[in-house]
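Each chain, written out:
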Amino acid sequence: MSNPPIEIETGPNPTATVLLMHGLGADGNDFVPIANELDLSSVGPVRFVFPNAPVIPVTINGGYRMPAWYDILGADLAKREDEAGLRRSQLTLEALIANEKARGIPASRIVIAGFSQGCAMAFMTGLRHPERLAGIVGLSGYLPLADLTAAERHPANQQTPIFQAHGQRDGVVVIARAIQGRDTLKALGYDLEWHEYPMEHSVCMEEIADLNRFLVRVLG
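All figures in this text were calculated on a predicted structure; none of them were measured in a lab.

### Quick notes on the packing of aromatic side chains
The final tally for this structure, using the stated rule, is 3 aromatic pairs. Ring centres of F31 and F115 lie 5.3 Å apart, and the angle between their planes is 45°; this geometry places the pair in the tilted category. Of the two residues, F31 is situated in the loop between strand 2 (16–21) and helix 1 (32–37) and F115 in strand 6 (residues 110–115); the sequence distance between them amounts to 84 residues. The two residues F31 and F115 agree in class, both being buried. Each ring, one from F163 and one from F214, has its centre 5.4 Å from the other, and the planes form 50°; the classification is tilted. A residue pair is termed long-range when its members are at least 10 positions apart, and F163 in strand 8 (residues 162–167) and F214 in helix 6 (residues 205–219) qualify at 51 residues. With a relative accessible area of 0%, F163 lands in the buried category. Sitting over the face of the ring of W194, R182 holds its NZ or CZ atom 4.8 Å from the ring centroid.

Okay, here's the thing in structure tokens:
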């Protein structure tokens, strides 16, 4: 990572962690305001960890360097994927999960979440993690390397609750792409909670409220 993660703790001695990844071109600060809107007081003190993606050239943006978890090779997100970049960032996120465990938070009290590219990384990492996590959250993103998911997923997270949400008017990651991933995961037997909202490539207050309920459920 270019910079260390941003961390916010809702109280001393956190008993749970929410690892939340930003989207393309943003940084760890992007979702701090969202976390401040959540009320997880009923589950005890929580540590929010907002990692910063590395700064790399992004092909679809003419090679311009920006924070990105992996390269975007073209407008069709499924046809050409940066598998090497996805796997590099997966290792980075696995190291962050290991760090939380070293600080006393068991995997079963860790939620891995993300927006857009960060959503892809939450799915990429959470479904393959070798210990059961508390939950996986995908916002306005998609399932990467979808054809490899069945073979590479780890049985430890087969029963892990998944929250997936998307904007009906999203012009960056079209909702049909998200629905494909949703249907793939449901066909594989995952416990997936789906939400869609009349918005673009963004986050809305109704979504935050639904996410709040999900987090209270999986961490409570």
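Moving on from the model shown.
### Some points on the pairing of strand 5 (residues 64–67)
In this structure, strand 4 (residues 55–58) lies alongside strand 5, joined through 4 bridges in antiparallel fashion. Counterpart to V58 in the pairing with strand 5 is Y64. The loop that links strand 4 with its antiparallel partner strand 5 comprises 5 residues; one of these, G62, has a positive phi angle of about 70°.

### Quick look at the sheet that holds strand 9 (residues 192–197)
Within the open sheet, the 7 strands sit side by side as 1-3-2-6-7-8-9. Their pairing is mixed. In this open sheet, the two edge strands, each paired with only one partner strand, are strand 1 (6–9) and strand 9. Averaged over neighbouring strand pairs, the angle between their axes works out to 15° when direction is ignored. Of the pairings in the sheet, the one linking strand 7 (residues 135–139) to strand 8 comprises 4 bridges and is parallel in character.

Reading the values: rules and limits
- Residues numbered from 1 in each chain as written.
- Predicted model: local features only at pLDDT ≥ 70, side-chain atom pairs only at ≥ 80, totals over all residues.
- Heavy atoms only, no water.
- Phe/Tyr/Trp six-rings, centres within 6.5 Å; stacked < 30°, edge-to-face > 60°.
- Helix = DSSP H or I, 4+ residues; strand = E, 2+ residues; numbered from the N terminus.
- Buried < 20%, exposed > 50% of the residue type's maximum accessible area, 1.4 Å probe, protein only.
- Lys NZ or Arg CZ within 6 Å of the ring centre and 35° of its normal.
- Pairing = 2+ DSSP bridges.
- Axes fitted to C-alpha atoms, helices over the stretch in contact; angles between N-to-C directions.

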